[in-house]
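Spelled out, the chains give:
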Amino acid sequence: MTPILQTDTGPLLHKAVEEAARLLKAGEVVALPTETVYGLAADALNPAAVAKIFEAKERPSFDPLIVHLPNKKMLDEVAEVPEDIRAIVQKITEKMWPGPLTLVLPKKACVPDIVTAGLPTVAVRMSKNAVFRRVADALGKPIAAPSANRFGSISPTSANAVVDELDGRIPLIIDGGACLCGIESTIIKVEAGSPKPIITILRPGPITPDDLKAFGKVKHLVRSVIDEATDAPGQLASHYAPRTPLRLLSKPEDFTPEPGKRYALMSYRGDASDGYTGLTEWVHVQILSPGKGKLPEAAVRFFYVLRELDGLGVDEIIAEPMFEHGMGIAMMDKLRRAAVKH
Ligand code: TXA
Ligand code: MG
């Protein structure tokens with residue numbers, strides 16, 4: 001069993017940070033909380049340590065990792081920021097870091113190929129989570145950290161969820177409580193453009209297109225044109241899939257339960273008037289944001305609820321759609337991917 005260290009008092013936090021930094025310095029992996037989802041961390045500049053991330057997650061080597069920086073100054077150590085976007089990158093990182101925004105930039109030679117899956121670019125971010133930042137400060141080096149789940153499954157948003165995914169496969173889990181955002185960081189690519197820089201969203205997340213408008217012309221990568229090998233290599237259709245088949249229902253009347261089958265419902269607002277909750281004998285109903293429906297509240301509970309429903313042993317999870325703006329863009333994207341697998 002993997003030990004779990006708590007962080008809810010000063011002395012516990014101190015001990016947890018010390019132990020995490022000790023293991024990272026020794027070339028080991030540690031599960032750490034971030035403001036988005038839990039990450040599986042290793043010293044990004046140590047290829048043997050990074051290899052342990054791939055091993056624990058059973059992640060294919062073509063899927064590059066995100067590099068987390070202890071401070072903004074370190075950006076220039078891992079990325080070669082092109083002259084024509086230097087000013088805009090500076091503006092974005094000033095406003096948005098630390099926070100759930102990842103930038104894809106040309107990489108420097110010190111970043112091992114195993115981190116970037118051989119790509120000439122590196123994905124970088126700076127986490128806002130206080131526990132993560134303490135560990136990053138103690139290590140004083142960039143940290144490679146993908147989500148702390150087995151490859152292809154749901155991202156963990158609590159230490160218990162990390163246990164579900166990686167117990168016995170890693171030497172330590174730091175428990176920092178529930179993740180503040182609940183969905184993975186927004187990933188963007190920045191290009192020079194006239195009159196405005198062009199910001200392409202490679203993966204939707206907590207930082208929404210509206211949040212990015214202030215920095216340039218925002219483009220969404222249309223899924224049909226995603227070159228999975230180069231643009232967002234980890235964005236496979238099968239990502240974010242629970243083990244239970246999932247169906248994204250666009251209209252309640254589209255659903256006819258098959259006799260003898262057991263269903264669970266992931267409802268957005270739990271509003272009986274729009275017909276989902278009263279539709280059938282659900283084994284279990286979970287409501288992401290009861291009442292008016294708030295997308296950030298739904299996001300906090302999203303992966304937690306999906307994981308819970310996945311554990312019920314039902315035949316199918318039925319997911320109700322939500323508004324496709326703001327953080328709803330990311331959640332609908334994940335639901336569509338989850339639905340594709342089956
Ligand atoms: O919020 C997050 O971003 C979390 C926390 C732990 O930081 N991390 C995370 O990592 O979601 P991961 O590995 O589950 O997803 C990283 C995504 C993958 O889809 C990967 O393909 C993409 O980032 N990525 C990494 N490097 C890239 C690059 N150079 N170019 C394009 N996409 C890249
Ligand atoms: Mg992931």
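The structure this text deals with has already been given above.
None of these values were measured; they are calculated from a predicted model.

Visitor: Got a minute to help me understand the sheet that holds strand β15 (residues 316–319) in this structure?
Guide: Pairing between the strands of a sheet is mediated by backbone hydrogen bonds and can be parallel or antiparallel. The four strands lie next to each other as β12-β15-β13-β14, forming an open sheet whose pairing is parallel. Either end of the sheet is taken by a strand with one partner, and the two such strands are β12 (246–248) and β14 (284–287). For this sheet the average axis-to-axis angle between neighbouring strands, irrespective of direction, equals 20 degrees. Note: strand β13 (residues 263–267) against β14, four bridges, orientation parallel. Looking at β14, one finds that Ser267 is bridged to Ile287. The strands that helix α9 (residues 295–310) touches are β12, β13, β14 and β15; relative to β14, the one it contacts most, it runs at about 175 degrees. The sheet contacts of helix α10 (residues 328–340) involve β12, β13 and β15, and relative to β12 the element is tilted by about 130 degrees.

Visitor: Help me understand the environment of Cys181 in this model?
Guide: Among the structural elements, Cys181 can be located in the loop between β8 (173–175) and β9 (186–191). With a relative accessible area of 13%, Cys181 lands in the buried category. When the C-alpha positions of Cys181 and Ile207 are compared, they lie 9.9 Å apart, and in sequence the two are 26 residues distant. Sequence-distant contacts of Cys181, defined by excluding residues within four places in its chain, comprise Glu35, Thr36, Pro100, Pro206, Ala299, Val300 and Met327.

Visitor: Help me understand the side chain of Glu184 in this model?
Guide: Tracing the backbone shows Glu184 in the loop between β8 and β9. Accessibility expressed as a relative area gives 4% for Glu184, which makes it buried. Side chain to side chain, Glu184 and Lys334 meet in a polar contact 2.6 Å long.

Visitor: Help me out: how do you make sense of unusual backbone geometry in this one?
Guide: The phi torsion of most residues other than glycine is negative, and most of the peptide bonds are trans. Between Trp97 and Pro98 the backbone carries a cis peptide bond, its omega angle lying at -10 degrees. Position of Pro98 relative to the elements: it lies in the loop between α4 (86–96) and β5 (99–106). The peptide bond linking Ser194 to Pro195 adopts the cis configuration, its omega dihedral lying at 5 degrees. With respect to the helices and strands, the residue Pro195 is situated in the loop between β9 and β10 (198–203). In the Ramachandran plot, Glu58 falls in the positive-phi region, its phi being about 55 degrees despite a non-glycine side chain. Looking at the element boundaries, Glu58 is found in the loop between α2 (47–57) and β4 (66–68). With a phi angle near 55 degrees, Ala117 is a residue other than glycine that sits in the positive phi range. Examined against the element boundaries, Ala117 turns out to sit in the loop between α5 (113–116) and β6 (121–126).

Visitor: Is there a simple way to think about the environment of Pro204 in this case?
Guide: Mapped onto the fold, Pro204 is located in the loop between β10 and α8 (209–212). Pro204 gets classed as buried once you look at its relative accessible area, which sits at 17%. Linking Pro204 and Ala330, residues 126 residues apart in sequence, is a C-alpha distance of 4.7 Å.

Visitor: I would appreciate a short explanation of the packing of aromatic side chains in the present structure.
Guide: Each aromatic ring pair is summarised here by two numbers: the centre-to-centre distance and the angle between the ring planes. For the structure shown, the criterion picks out four aromatic pairs. An angle of 10 degrees between the planes, with centres 5.5 Å apart, marks the rings of Phe255 and Trp282 as stacked. Here Phe255, found in the loop between β12 and β13, pairs with Trp282, found in the loop between β13 and β14; they are 27 residues apart in sequence, far enough to count as distant. Here the two residues Phe255 and Trp282 agree in accessibility, since each one is buried. Note on Phe302 and Phe303: the rings are 5.3 Å apart at their centroids and 65 degrees apart in plane angle, and the pair reads as edge-to-face. Across this residue pair, the class does not change: Phe302 and Phe303 are buried. Pairwise contacts between aromatic rings join Phe255, Tyr263 and Trp282 into one cluster.

Rules and cut-offs
- Per-chain numbering applies: the sequence of each chain, read as written, is numbered from 1 onward.
- Labels follow written order: the first chain is A, the first ligand is 1, and so on.
- The model is predicted, so local features are restricted to residues of pLDDT at least 70 and side-chain atom pairs to those at 80 or more, both for listing and for counting; the totals for chains, interfaces and linings are taken over all residues.
- To get the side-chain values, take all heavy atoms of the structure and skip hydrogens and water.
- Strand pairing is assigned whenever DSSP detects at least two bridges linking the two strands.
- Strands are runs of DSSP state E lasting at least 2 residues, helices are runs of H or I lasting at least 4, and numbering of each runs from the N terminus.
- Helix axes are fitted only over the stretch in contact, all axes being lines through C-alpha atoms; the angle between N-to-C directions runs from 0 to 180 degrees.
- The contact criterion used is simple: two residues touch if any of their non-hydrogen atoms lie within 4.5 Å.
- Note on exposure labels: buried denotes an accessible area under 20% of the residue type's maximum, exposed denotes more than 50%, and partly exposed covers the range between, all computed with a 1.4 Å probe on protein chains only.
- Between N or O atoms, a polar contact is any pair within 3.5 Å; within protein, one atom must be a potential hydrogen donor and the other a potential acceptor, and residues adjacent in sequence are included only when both atoms are from side chains.
- Note on ring pairs: Phe, Tyr and Trp rings are taken, using the six-membered ring of Trp, and paired if centres are within 6.5 Å. Classes follow the plane angle, with under 30 degrees stacked, over 60 edge-to-face and the rest tilted.

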